[in-house]
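Single-letter residue listing:
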Amino acid sequence: MTLSPWLLCQLAALSAAAWLFFRTTRDLPPAHAGALRWALVRALPFTVVGALCVDYALRVVGYALAGARGPLPVFGGLMAYGALFGLGGAYALFVRGARLDVYGALDRVTGPLALLVAVGRLGCFMAGCEHGAPTSAPWGVRYPASHPHFAELVRDGLAGGGAAWSRPLHPATLYEAGFALAACALSVALLRRPSTKPGGVFFAGTLVYAGGRFVSEAFRGDGGPSGADHGALTTGQAMSLFAIGLAVSLALRANEARAVAGAAPAVKRCRARSGPLG
């Protein structure tokens, strides 16, 4: 049986992410590290659940906003952001159920998830799915007529029906992979700094990847769910803004929690000096 380049890259992405997660948790006490690793293993099935359900939910919303004309959208599409939200959300819930610090746990998994996206997007580039818009840049990519997705390029007006090659296209998925790799590198570097506050790695990594994804979406040329326009933004850009908002919200909550924890000892000392009332 021959495996496709896309599937090989996805398997490589999972292996690379697992290796990095093992590395980012090996400095923890064995029981703590084991609990985080088990939480991630239990969260893995929710990758598929999130990828399927978020994609379908967004398509149903678009269907309703368009007036609910025609048959309902068919269930079965996949969305990368949905996979990330499903995995990350389930992981956080399992960590919380184990009574561990959620912010610190998210910091440990940010780099591995970014690496998962970076390697996985290489598979998308090799497969030719989620192709870019036309470009005159010297790094533009042309696909041959024998390519499995050449019919999609013809449909989108990026290649002629009898042409041997497509027009030069932006390697949009490589742009996204580059931002994901940058987010991974930044996350690993911040995790090694003793001065990094809990939640800081997750905030910084999410900001870099989601911001980069927002930019790379402008170079997409496909008409898939992520590349479809909904008003002024594509679905991928809207999801990127949601991810940034989520990261900001969690960062603010982490700062608030630290402020409350820091104030508690001072209140206790004040009460001790004051003595009993009466």
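Residues numbered from 1 in each chain as written. Predicted model: local features only at pLDDT ≥ 70, side-chain atom pairs only at ≥ 80, totals over all residues. Heavy atoms only, no water.

### Overview of the side chain of Q237
Then, number 1: Counting through the fold element by element, Q237 comes out in helix α9 (residues 235–274).
Then, number 2: Take Q237: its relative accessible area is 9%, and that puts it in the buried class.
Then, number 3: Separated by 3.1 Å, the side chain of Q237 and the backbone nitrogen of T234 make a polar contact.
Then, number 4: Discounting chain neighbours no more than four positions away, the residues touching Q237 are F214, E217, A218 and A232. (Helix = DSSP H or I, 4+ residues; strand = E, 2+ residues; numbered from the N terminus. Buried < 20%, exposed > 50% of the residue type's maximum accessible area, 1.4 Å probe, protein only. Polar contact = N/O pair within 3.5 Å; in protein donor to acceptor, adjacent residues only side chain to side chain. Contact = heavy atoms within 4.5 Å.)

### Digging into the nonpolar core
Then, number 1: With 38 residues, the main nonpolar core has L36, Y81, Y91, V109 and Y209 as its most contacted residues.
Then, number 2: For this core, the secondary structure elements donating two or more residues are α1 (5–25), α2 (30–43), α4 (80–97), α5 (102–127), α7 (172–191), α8 (200–216) and α9.
Then, number 3: When residues of this core are assigned to their parent elements, the largest contribution, 10 residues, is made by α5.
Then, number 4: Y81 has contacts with Y209, A210, R213, G236, M239, S240 and A243, leaving out every residue within four places of it along the chain. (Core = buried A, V, L, I, M, F, W, Y, C linked by side-chain atoms within 4.5 Å.)

### Overview of the packing of helix α3 (residues 45–65) against α4
Then, number 1: As a packed pair, α3 and α4 sit with axes 6 Å apart at the nearest point and diverge in direction by 135°. With respect to their mutual orientation, α3 and α4 come out oblique. For the pair α3 and α4, the crossing hand works out as right-handed. Taking contact as the criterion, the partners of F46, T47, G50, A51 and V54 in α3 are, on α4, G82, A83, G86, L87, A90 and F94. (Axes fitted to C-alpha atoms, helices over the stretch in contact; angles between N-to-C directions. Parallel < 35°, antiparallel > 145°, perpendicular 65-115°, else oblique. Left-handed = near helix turned anticlockwise from the far one by under 90°.)

### With respect to α2
Along an α-helix, a turn takes 3.6 residues, which lines up residues three or four apart on a common side.
Then, number 1: In this model α2 runs 20 Å from its N-terminal to its C-terminal C-alpha over 14 residues, within 8% of the 20 Å that 1.5 Å per residue would give.
Then, number 2: Of the residues making up α2, those classed as buried are A33, L36, A39, L40 and A43. All buried residues of α2 project into a common sector of 125° when viewed along the axis, lining one side. Away from the buried face of α2 by more than 90 degrees, exposed residues P30, A31 and W38 are located.
Then, number 3: Where the residues of α2 are buried, they touch α1, α3, α4 and α5. (Expected span 1.5 Å × (residues − 1). Arc of directions from axis to C-beta.)

### Topic: unusual backbone geometry
Then, number 1: Despite not being glycine, R99 has its phi angle at roughly 60°, a positive value.
Then, number 2: With respect to the helices, strands and loops of the structure, R99 is situated in the loop between α4 and α5.

### Section: a nonpolar patch on the surface
Then, number 1: A cluster of nonpolar side chains, contributed by L3, W6, L7, L8, L11 and L14, occupies part of the molecular surface with about 500 Å² of accessible area.
Then, number 2: Along the chain, the position of L14 falls in helix α1. (Patch = residues over 30% accessible without salt bridge, like charges linked within 9 Å, V, L, I, M, F, W, Y side chains within 5 Å. Areas by Shrake-Rupley, 256 points an atom, 1.4 Å probe, with all protein chains shown as cover. Salt bridge = Lys/Arg side-chain N within 4 Å of Asp/Glu carboxyl O.)

### Some details on the layout of surface pockets
Then, number 1: Taken as a whole, the largest pocket holds about 1300 Å³ of empty space.
Then, number 2: Taken together, 46 residues make up the lining of the largest pocket; nearest its centre are W6, Q10, L78, A80 and A83.
Then, number 3: Put simply, the parts of the chain that give the lining of the largest pocket at least two residues each are α1, α2, α3, α4, α5, α6 (150–155) and α8.
Then, number 4: At 8 residues, α5 tops the list of elements feeding residues into the lining of the largest pocket.
Then, number 5: A breakdown of the residues in the lining of the largest pocket according to their chemical character gives 27 nonpolar, 9 polar and 10 charged.
Then, number 6: In this structure, the second largest pocket encloses a volume near 730 Å³.
Then, number 7: G88, L106, F202, L246 and L250 are the residues nearest the centre of the second largest pocket, which is lined by 28 residues in total.
Then, number 8: Looking at the lining of the second largest pocket, the elements with two or more residues in it are α4, α5, α8 and α9.
Then, number 9: Residue composition of the lining of the second largest pocket, by class: 20 nonpolar, 5 polar and 3 charged. (1 Å grid on protein atoms, 1.4 Å probe; cavity = no way out; pocket = protein on both sides within 12 Å on 5 of 7 lines; lining within 4 Å. Points joined across faces, edges and corners; volume = space filled by probe spheres on them. Nonpolar A, V, L, I, M, F, W, Y, C, P; charged D, E, K, R; others polar.)

### So, the pattern of salt bridges
Then, number 1: Counted by the stated rule, this structure contains 8 salt bridges.
Then, number 2: E176 serves as the salt-bridge partner of R121, at 3.0 Å between the closest nitrogen and oxygen. Within this pair, whereas R121 is found in helix α5, its partner E176 is found in helix α7, the two being separated by 55 residues in sequence. Take R121 and E176: they sit in the same class, and that class is buried.
Then, number 3: Several salt bridges converge on common partners, so that one network encompasses R121, E130, E176, R213, E217 and R220.

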